[in-house]
Amino acid sequence: MGYTSLMFRAIREGIRQLWRNRFLSWTTLGLGALIIFLLNFVFAVQYFADYSLQNLESRADFSVPLRQNFEAFDLEALQNELIPLEIKIQVLPEEKKVHLHLPPRMKLQFGELRNVSEAFQILKNRRYDTVVGTWDLQGEKDFSVIIERLLKLRDGIEKLSWALAGIFLAGGILMMINTFRMVLFSRKEEVFIARLVGAKPNFIAHPFWAEGFLLGFCSSFIGIIIFIFVLREINLLPGGAIFIHLWNQAFAWEMILSGFVGLFGAWWSVRRYLFGAYRFE
C-alpha cells in the first residue's frame, strides 16, 4: 500500500474510531478545548501586561539639568554614549517665566527600561561634570524604584505565563496518554488479531496516530473559537489587539502543537501493544 493510500486510510479509520468512542472523544475534546482556552487566556493577560508596560515605557522620561555654560563637545560625547542604550535625547533651552525659572536641561526618553541604571551611571561620570548640573539624588532614587518594580512585574508575568503554558502542555500530554490507554484497553484484541495475521506495526498504529492528531487539532480549534467569543465580551482587555497578536503568533502553532500532542499520546500508548509478547491483562 502506497504512502498516500496509507495516510488516507489512517485518517478514515481515525475518524471512524472517534465516532465509535463518542463519549470518550467528546470528553477529550472538551477537556482539550478547556486547556487551550485557559492557555490563550494566559497569553492574553501576558500580552495585556506587556502592552500596558510598553505604554508606560513610552512615557518613562527623566529630565537632567544642564549647566548654564556647558561644553558643547562634552554634551555631544555624552549623547553618543547614551544613544546606544535606546534613549531618545532632547536638549531643551533655558526658560524664564514670571514665577518659574528652568535651566537648560536634557530630556531622556527610555526605549528599554533595563538600561536606566547604566544610563544614570554614565550621567554621574565625573567626565561630564562640565555638562550635568546639580544631580537630583532623590529623583534618581524614586525613578529607579518605579522602574525596578515595573521590570519585576514584567518578568514575573512572563515567567508565570510560561510556567502555566508548560503545565497545560504536560496536562494535555497526560490527558491524551490516559485517553488512548482506555481506548487501547478496549481494542487490544483487535491489535492482537491484526498482529496475528501479519499486519505491520505502522499499519496497525497509523489509525490511532491519526485519531490522536485529530483529537488534539480539533480540541485546539474549538478552544480558540470559544476564546474568541469570550474575548469579545471582556471590555477590560484590548480584544482587537490581543486577537491580532494571537492570530499572528499563537493560534496556528497551538493547533499544530495540539495535533502533535495528541499524536504523541497515541504513539506512547499504542507502542506497548505493537512489539513483544501479547498480554491479556
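The preceding data block contains the structure.
Everything numeric here is computed off the predicted structure, so don't read it as measured data. (Residues numbered from 1 in each chain as written. Predicted model: local features only at pLDDT ≥ 70, side-chain atom pairs only at ≥ 80, totals over all residues. Heavy atoms only, no water.)

### Here we look at helix α5 (residues 137–196)
Here α5 is 60 residues long and its end C-alpha atoms lie 83 Å apart, about the 88 Å a rise of 1.5 Å per residue gives. Bending of α5 peaks at approximately 65° at the position of Arg187. (Helix = DSSP H or I, 4+ residues; strand = E, 2+ residues; numbered from the N terminus. Expected span 1.5 Å × (residues − 1). Bend = angle between axes of the 7 residues up to and from the residue.)

### A word on the sheet that holds strand β1 (residues 61–65)
One open sheet holds the three strands; their spatial order is β1-β5-β2, and the pairing between them is antiparallel. For this open sheet the edge positions go to β1 and β2 (87–92), each flanked by a neighbour on one side alone. Going from strand to strand, the sheet's axes swing by 20° on average, the running direction of each strand aside. Pairing of β2 with strand β5 (residues 105–110), which is carried by six bridges, proceeds in the antiparallel orientation. Within the sheet, the bridge partner assigned to Lys88 lies in β5 and is Gln109. (Pairing = 2+ DSSP bridges. Axes fitted to C-alpha atoms, helices over the stretch in contact; angles between N-to-C directions.)

### What to know about the nonpolar core
Of all hydrophobic cores here, the largest spans 27 residues; its most connected members are Val64, Leu78, Leu82, Met106, Leu108, Phe110 and Leu123. Those elements that place two or more of their residues in this core are β1, α3 (72–82), β5, α4 (116–123) and α5. The greatest single-element share of this core, amounting to five residues, is contributed by α4. If sequence neighbours within four positions are ignored, Met106 has contacts with Phe62, Ser63, Val64, Leu66, Leu75, Leu78, Gln79, Leu82, Ile89, Gln90, Val91 and Leu123. Judged by nonpolar contacts, the second largest core, of 21 residues, contains Leu29, Met175, Val191 and Ala205. (Core = buried A, V, L, I, M, F, W, Y, C linked by side-chain atoms within 4.5 Å. Buried < 20%, exposed > 50% of the residue type's maximum accessible area, 1.4 Å probe, protein only. Contact = heavy atoms within 4.5 Å.)

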